[in-house]
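Results of the structural survey
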Amino acid sequence: MLIPPVTVAWAIFIAILSICLAVLLEISRSNRRRENDDMFGTADFNAKTKALSLLPREISTLNRLVRESTFSNKDALFNSPELFEQAVNRFYEFQDVTKVDPAVRDDISALRNKLGYIGIFPDFSPVSSRQFCRGDKLLISLVDIAVNKQGLSESTDIADVNEVSWSVHYSGKLGKASSLIGKEIRIRLTRPGEAIYSAWVTVKSADEGRLILAHAPHLEKYQLRRWLREQVQFPATVSLADGGSLTGILADLSAGGILVDRKST
């Protein structure tokens, strides 16, 4: 007895639908476990939030960031600015940064500062334009992408940085500010003796003497030091030849040496 094609089609449809529902239910259960269960590194997370005297609201925001990230360790965001910004970017992409509660955005900005993940800290290497600081000097330029040829450039400084956008002062060397809206420009920020950071950013709008730019969640880094330095955040104790010691945080390391962020004891 032949089974009608319509019956076969319905059977296949129901089977596929059942599989999809099972997958969705498992994803939902996994998300609920991630949101509510204790994560690996919870004890370290609690100890570090206490050591930094984070406010309850900031701890709640940090907890939300890590639970919506892909990290398995709850204390991962304390380990490096790159991990912190990865979690922030993921959160802003999913939630739409413009729709995130301004108070939560303020908490993220405050956390970035308290964790030492902004440019005012000398041993820090930025990975996102959200880590730039007001007053930082940089170069903005127009580039003809078709021929990869750099056109006009202007040296300027950062006027403001927030979680949604950032702005630079603008004198008009690249053309009328209004003509740049919607275009991509190249930004280059140099930290003497360390590296050049650059990225393509879109001009979102312009006002009196300023260009308002979209954030660059990822920066290209061109090393200026002789040795490439890897940014890390590890507790370290160094024994000195005179019997003393130096304890603190191993900030970076390279073939040329290491940097421990703490005075000798």
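Predicted model, so just to flag it, every value in this text is computed and none were measured. (Residues numbered from 1 in each chain as written. Predicted model: local features only at pLDDT ≥ 70, side-chain atom pairs only at ≥ 80, totals over all residues. Heavy atoms only, no water.)

Description of the overall build of the chain
Counting its secondary structure elements, the chain contains six helices and ten strands. Per-residue burial over the chain gives 36% buried out of 265 residues. Restricting to contacts in the chain with at least 6 residues of sequence separation, those with at least 24 account for 52%. Carbon and sulfur atoms form 57% of the exposed surface of the chain, whose accessible area is close to 15,600 Å². (Helix = DSSP H or I, 4+ residues; strand = E, 2+ residues; numbered from the N terminus. Buried < 20%, exposed > 50% of the residue type's maximum accessible area, 1.4 Å probe, protein only. Contact = heavy atoms within 4.5 Å. Areas by Shrake-Rupley, 256 points an atom, 1.4 Å probe, with all protein chains shown as cover.)

Let's talk about helix α4 (residues 81–95)
For α4, which comprises 15 residues, the first-to-last C-alpha distance of 21 Å matches the rise-based estimate of 21 Å (1.5 Å per residue) to within 8%. Every buried residue of α4 is listed here: Pro81, Phe84, Glu85, Ala87, Val88, Asn89, Phe91 and Tyr92. Tucked into the core, α4 has its buried residues touching α3 (56–67) and α5 (102–114). (Expected span 1.5 Å × (residues − 1).)

Structural notes on the environment of valine 104
Residue placement: valine 104 occurs in helix α5. For the pair valine 104 and glutamate 58, spaced 46 residues apart in sequence, the C-alpha separation works out to 8.3 Å. Look past the residues within four positions of valine 104 in its chain and what remains in contact with it is Thr61, Arg64 and Phe91.

Topic: the packing of aromatic side chains
Per the stated rule, a full pass over the model turns up four aromatic pairs. Between phenylalanine 91 and tyrosine 92, the ring centres sit 5.8 Å apart and the planes meet at 45°, which makes this aromatic pair tilted. For the pair phenylalanine 91 and tyrosine 92, one class covers both residues: buried. Here the guanidinium or amino end of lysine 74 rests over the ring plane of phenylalanine 45, the centre of that ring lying 4.6 Å away. (Phe/Tyr/Trp six-rings, centres within 6.5 Å; stacked < 30°, edge-to-face > 60°. Lys NZ or Arg CZ within 6 Å of the ring centre and 35° of its normal.)

Concerning the side chain of threonine 61
Turning to its location among the elements, threonine 61 is positioned in helix α3. When neighbours within four sequence positions are excluded, threonine 61 is seen to be in contact with Val104, Asp107, Ile108 and Leu111.

Examining a nonpolar patch on the surface
A grouping of Trp10, Phe13, Ile14, Leu17 and Leu21 is seen on the molecular surface, where their side chains present a nonpolar patch of about 530 Å² in accessible area. Examined against the element boundaries, leucine 17 turns out to sit in helix α1 (residues 5–36). Owing to a relative accessible area of 42%, leucine 17 belongs among the partly exposed residues under this scheme. (Patch = residues over 30% accessible without salt bridge, like charges linked within 9 Å, V, L, I, M, F, W, Y side chains within 5 Å. Salt bridge = Lys/Arg side-chain N within 4 Å of Asp/Glu carboxyl O.)

Thoughts on the pattern of salt bridges
One pass over the full model with this rule turns up ten salt bridges. A salt bridge links arginine 112 to glutamate 163; its shortest N-O distance comes to 2.6 Å. With arginine 112 in helix α5 and glutamate 163 in the loop between β2 (149–161) and β3 (166–169), the pair connects residues that are 51 residues apart, well separated along the chain. Summarising the burial analysis for this pair, arginine 112 and glutamate 163 share the class buried.

Observations regarding the pairing of strand β6 (residues 210–213)
On any regular strand, side chains alternate: one points to one face of the sheet, the next to the other face. When β3 meets β6, the two strands line up antiparallel, connected through four bridges. Paired with valine 168 across the strands is leucine 211, a residue of β6. Pairing analysis gives four bridges linking strand β5 (residues 195–207) to β6, with the strands arranged antiparallel. Bridge pairing in β6 places valine 203 opposite leucine 213. (Pairing = 2+ DSSP bridges.)

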